[in-house]
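# Close look at the chain arrangement
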Amino acid sequence: MAGLAAAARARELGAEVRLLEKGSRPGGSMLLSSGVIWRYADFEEFRRQCPAGDEALQRLVWERLDDALDWLERLGAPIVAPDTENPLTTGRRFDPRGLTGVLVESAGEPRYDIESDSDSQWNEAPLIVATGGYPVRLARERGLLVRSNPWSEGDGIALALARGGEEAPSDQFYGRAMPGLVPEEQFVVASQLYGRFARRVNDRGEEFFPGEVSWSENDLAQAIAAQPGGRAWYELDEAALARPEVAEKLPHAQETERLPGGGLRVRVYAAVTHTYGGVRIDTRARAADGVWVAGVDAGGLSNGGYASGLAQALVFGLVAAEDATQ
Ligand SMILES: Cc1cc2nc3c(=O)[nH]c(=O)nc-3n(C[C@H](O)[C@H](O)[C@H](O)COP(=O)(O)OP(=O)(O)OC[C@H]3O[C@@H](n4cnc5c(N)ncnc54)[C@H](O)[C@@H]3O)c2cc1C
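Quick caveat: nothing in here was measured; it's all calculated off a predicted structure.

## Some thoughts on the sheet that holds strand E1 (residues 36-40)
Strand pairs in the sheet, formed through backbone hydrogen bonds, run parallel or antiparallel to each other. On the basis of which strands lie adjacent, the open sheet formed by three strands has the order E1-E3-E2 and antiparallel pairing. Of all strands in the sheet, those bounded by a partner on one side alone are E1 and strand E2 (79-81). Strand after strand, the sheet turns through a mean of 30° between neighbouring axes, direction not considered. In the sheet, E1 pairs with strand E3 (residues 89-94) via five bridges, with the strands oriented antiparallel. Within the sheet, the bridge partner assigned to Val36 lies in E3 and is Arg93.

## Some thoughts on the site of the ligand
Taken together, the neighbourhood of the ligand is formed by 34 residues, with Met1, Glu21, Val36, His274 and Ser308 sitting nearest. One of the side-chain N or O atoms of Asn149 is found 3.0 Å from an oxygen atom in the ligand. Note that an oxygen atom of the ligand is positioned 2.5 Å from one of the side-chain N or O atoms of Ser308. For the ligand, whose accessible area on its own is 990 Å², the fraction buried by protein is 94%. For the shell around the ligand, the elements supplying multiple residues, two or more each, are E1, strand E11 (264-275) and helix H10 (309-324). Residue contributions to the shell around the ligand peak at three residues, all from H10. A class-by-class count of the residues in the shell around the ligand yields 15 nonpolar, 15 polar and four charged.

## What about the packing of helix H3 (residues 55-75) against H10?
Viewed as axis vectors pointing N to C, H3 and H10 meet at an angle of 85°, and their least axial separation amounts to 8 Å. For the element pair H3 / H10, the angle class is roughly perpendicular. Only Ala311, Gln312, Leu314, Val315, Phe316, Leu318, Val319 and Glu322 of H10 make contact with H3, whose side of the interface consists of Leu57, Leu60, Val61, Arg64, Leu65, Ala68, Leu69, Trp71 and Leu72. Of the residues assigned to the contact of H3 with H10, the class counts are 14 nonpolar, one polar and two charged.

## Considering the pattern of salt bridges
Inspection of every chain in the model, using the stated rule, returns 26 salt bridges. When the shortest N-O distance is used, the salt bridge between Asp66 and Arg39 registers 2.8 Å. Here the residue Asp66 occupies a position in helix H3, and Arg39 occupies one in strand E1, the gap between them amounting to 27 residues. On the basis of relative accessible area, Asp66 is assigned to the partly exposed category, the value being 31%. Put simply, Arg199, Glu207, Glu235, Glu257 and Arg265 are held in one network by salt bridges that share partners.

## What about the side chain of Ser152?
By secondary structure assignment, the location of Ser152 is in the loop between strand E5 (145-146) and helix H6 (155-162). What makes Ser152 buried here is its relative accessible area of 4%.

## Re helix H7 (residues 218-225)
Counting buried positions along H7 gives seven out of eight residues, so the element sits mostly inside the fold. Of the positions making up H7, those classed as buried are Asn218, Leu220, Ala221, Gln222, Ala223, Ile224 and Ala225.

Analysis parameters
Residues numbered from 1 in each chain as written. Predicted model: local features only at pLDDT ≥ 70, side-chain atom pairs only at ≥ 80, totals over all residues. Heavy atoms only, no water. Pairing = 2+ DSSP bridges. Helix = DSSP H or I, 4+ residues; strand = E, 2+ residues; numbered from the N terminus. Axes fitted to C-alpha atoms, helices over the stretch in contact; angles between N-to-C directions. Near = heavy atom within 4 Å. Polar contact = N/O pair within 3.5 Å; in protein donor to acceptor, adjacent residues only side chain to side chain. Areas by Shrake-Rupley, 256 points an atom, 1.4 Å probe, with all protein chains shown as cover. Nonpolar A, V, L, I, M, F, W, Y, C, P; charged D, E, K, R; others polar. Parallel < 35°, antiparallel > 145°, perpendicular 65-115°, else oblique. Contact = heavy atoms within 4.5 Å. Salt bridge = Lys/Arg side-chain N within 4 Å of Asp/Glu carboxyl O. Buried < 20%, exposed > 50% of the residue type's maximum accessible area, 1.4 Å probe, protein only.

Shown next, in the form of structure tokens:
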């Protein structure tokens, strides 16, 4: 998303833009997402939820998001819901396909021939890097499932570091418990987002997450990633099975076992949606001379918790374009 938002805004500001895309379609993980672009309602809540994140970047996203959402609406991005229905957060839910469509219309169709690209006219031009972090590489390295676009390997981060950027390292990620491999169109619907009602047990039979699970269940997804095989069981008693949040997701379970005395256990795997480590940026999205970094290629926003990757992509994309075109 960040690259499209940056290109659209830069063109709006009168710049000539060349937009390069590694994948076979525009939209990246945004196209696969639920389309909820949000922030915490209170800044203090943001700090409580993501205490190890970069405070200045958090404030930037928090302060700029509402205007950025208005900008998207002005472009014609279709709204599905005017708020998040979560009292902790505020934002808007967009139709991801329509959102991608209007951004491409404003940004211009990307070029997909990045390997053969050797147009030296652009060598000195301001560079905005926005390649969606490294969920695919992290999943491969740690033996986890991928729940993102299939192209984000960290290429942009490597490029920005080679151009003089500084690393903002983090081994954390935003993830979900998934029932197994599913087609990307089912990434949202098949996620097993009811771990808070289950007993969480690893393959050694140990209850590995006895405490309270956060509202996003992102802490639980990362705890599952740390278990043998990056997988676990959710054990559900009769009361848990009767809950609508569980009943809605159970049809997507792939491996289940009846528990003695009633109840059910469901196999879940940790899956990576986006990574938290990346390139350090300032509040103008600058990483080095002539290099800006946007979206989840920029590291350190959500450390210790979970914040909207789409909000990070939208705000940093706009800020990068505005600064790079000055
Ligand atoms: C199923 C699912 C549901 C989600 N739901 C939500 C939600 O409701 N709310 C929310 O805030 N977030 C959500 N997310 C997360 C959100 O989609 C991401 O955080 C967000 O898209 C990150 O934006 P980005 O621009 O950094 O990366 P992306 O949107 O992934 O865009 C990165 C682009 O860079 C391209 N690329 C990679 N390498 C290169 C290269 N070398 N050269 C050129 N191009 C390259 C990729 O192909 C991709 O098109 C969800 C994600 C998924 C998968």
